[in-house]
Amino acid sequence: MSKAGFVALIGRPNVGKSTLLNRLVGQKISIVSDKPQTTRNRILGVLTRGDAQIIFVDTPGVHRPTYRMNKRMMNMVYSALKEVDLLIHMVDVTERYGKGEQYVIDLIKTAEKPALLVLNKVDLISKGKLLPLIDFFSHQHDYREIIPLSSTEGINVDVLLQKIIENLPESEFLFPSEYVTDQQQRFMIAEIIREQVLQMTREELPYSTAVQLDAVDENRRTEGFVSINASIIVEKENQKKIVVGHAGQMIKAIGTAARLELQKLLGVPKVFLGLNVRVVEHWRDREEILNEVGVS
Ligand SMILES: Nc1nc2c(ncn2[C@@H]2O[C@H](COP(=O)(O)OP(=O)(O)OP(=O)(O)O)[C@@H](O)[C@H]2O)c(=O)[nH]1
Ligand SMILES: [Mg+2]
């Protein structure tokens, strides 16, 4: 009998959930940055290996919601906890344990689902620091397994996969075996542009930026050319100034980097990318804007 099931990646912001998802699926599905709250949606990545099919659910990092956007993000976490067969609680070993992590553990207990603990970023600490951490977490919850791992270096990723498969329910496959993600191409295009904004800006800007696709023109795709127009949405005039940058340098750098990634995603030699920056006050609290920029 084959095995199949939904497996959620749950954890505080920035612990490496999306990095691990991309590594497990072997393809870039979910954007990554060194800023917290990068992921704003529930993102599916499907891995079919032998007679097992794992449907990973990447989720936004668990945080205290302030704006409506953040409430939507946390609702995605809560529904993922309810919907899946297995939880992967992911922790960043370089972060000190605190109330935020305690809250994640409480969520995992309340969900009453089998859970594996992944201690991520072990490439950044010495072995001597790892054992006390394993001991500490083993007293916080009855995890099926505790796996030290590095998502960027690929350490122990195969061990994790093995343990996930062991804990999956017996089932027919739920998706065709070549199926990888449910993400719409339009969403992925906007995300790739947002990823560059996240990587190139700091302070409050990563949190207050969204990307809206205005047009994707594939009429000349056969000639190897796709044209994309998008708006980078910020909340205030001064933020717009930062994103545009001195003499337009910042927006140019964002565009250049995004264009290269988009060419890879779309599989075309040339992408024309027209970017403009638009101020939409309080967009994080406006439902209609949240729907438009795909935080749903
Ligand atoms: N050194 C090291 N860095 C890592 C590892 N895994 C992830 N990172 C880095 O950690 C940062 C956050 O990674 P993400 O995958 O975006 O984290 P996330 O948990 O999805 O974050 P949110 O979407 O904001 O909740 C990025 O800069 C990654 O490159 C790891 O194993 N080792
Ligand atoms: Mg993420």
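Scroll up a little and you will see the structure.
Parameters at a glance
Residues numbered from 1 in each chain as written. Chains lettered and ligands numbered in written order. Predicted model: local features only at pLDDT ≥ 70, side-chain atom pairs only at ≥ 80, totals over all residues. Heavy atoms only, no water. Buried < 20%, exposed > 50% of the residue type's maximum accessible area, 1.4 Å probe, protein only. Helix = DSSP H or I, 4+ residues; strand = E, 2+ residues; numbered from the N terminus. Pairing = 2+ DSSP bridges. Axes fitted to C-alpha atoms, helices over the stretch in contact; angles between N-to-C directions. Contact = heavy atoms within 4.5 Å.

Engineer: Talk me through the pairing of strand S2 (residues 43–49); I want residue IDs and the actual numbers.
Structural biologist: Within S2, five of the seven residues are buried, leaving the element largely enclosed by the surrounding structure. Looking at chain direction, S2 and strand S3 (residues 52–58) are connected through seven bridges and run antiparallel. Along S3, the bridge assignment pairs Leu-47 with Ile-54. Between S2 and S3, which pair antiparallel one after the other, the connecting turn spans two residues, and Gly-50 there sits at a positive phi close to 60 degrees.

Engineer: Which residues make up the sheet that holds strand S9 (residues 270–279), and what values go with them?
Structural biologist: The mixed open sheet is built from three strands, whose spatial order is S7-S8-S9. Each edge of the sheet is formed by a strand with only one pairing partner; in this case those strands are strand S7 (210–217) and S9. Recorded for the sheet is a direction-independent mean angle of 20 degrees between the axes of neighbouring strands. In the sheet, strand S8 (residues 225–234) pairs with S9 via 10 bridges, with the strands oriented parallel. For Val-234, the partnering residue across the bridge sits in S9 and is Val-279. Helix H6 (residues 185–200) contacts S7, S8 and S9 of the sheet and is inclined by roughly 130 degrees relative to S7. Against the sheet, helix H7 (residues 237–244) touches S8 and S9, its axis set at about 155 degrees to S9.

Structural measurements only, silent on function.
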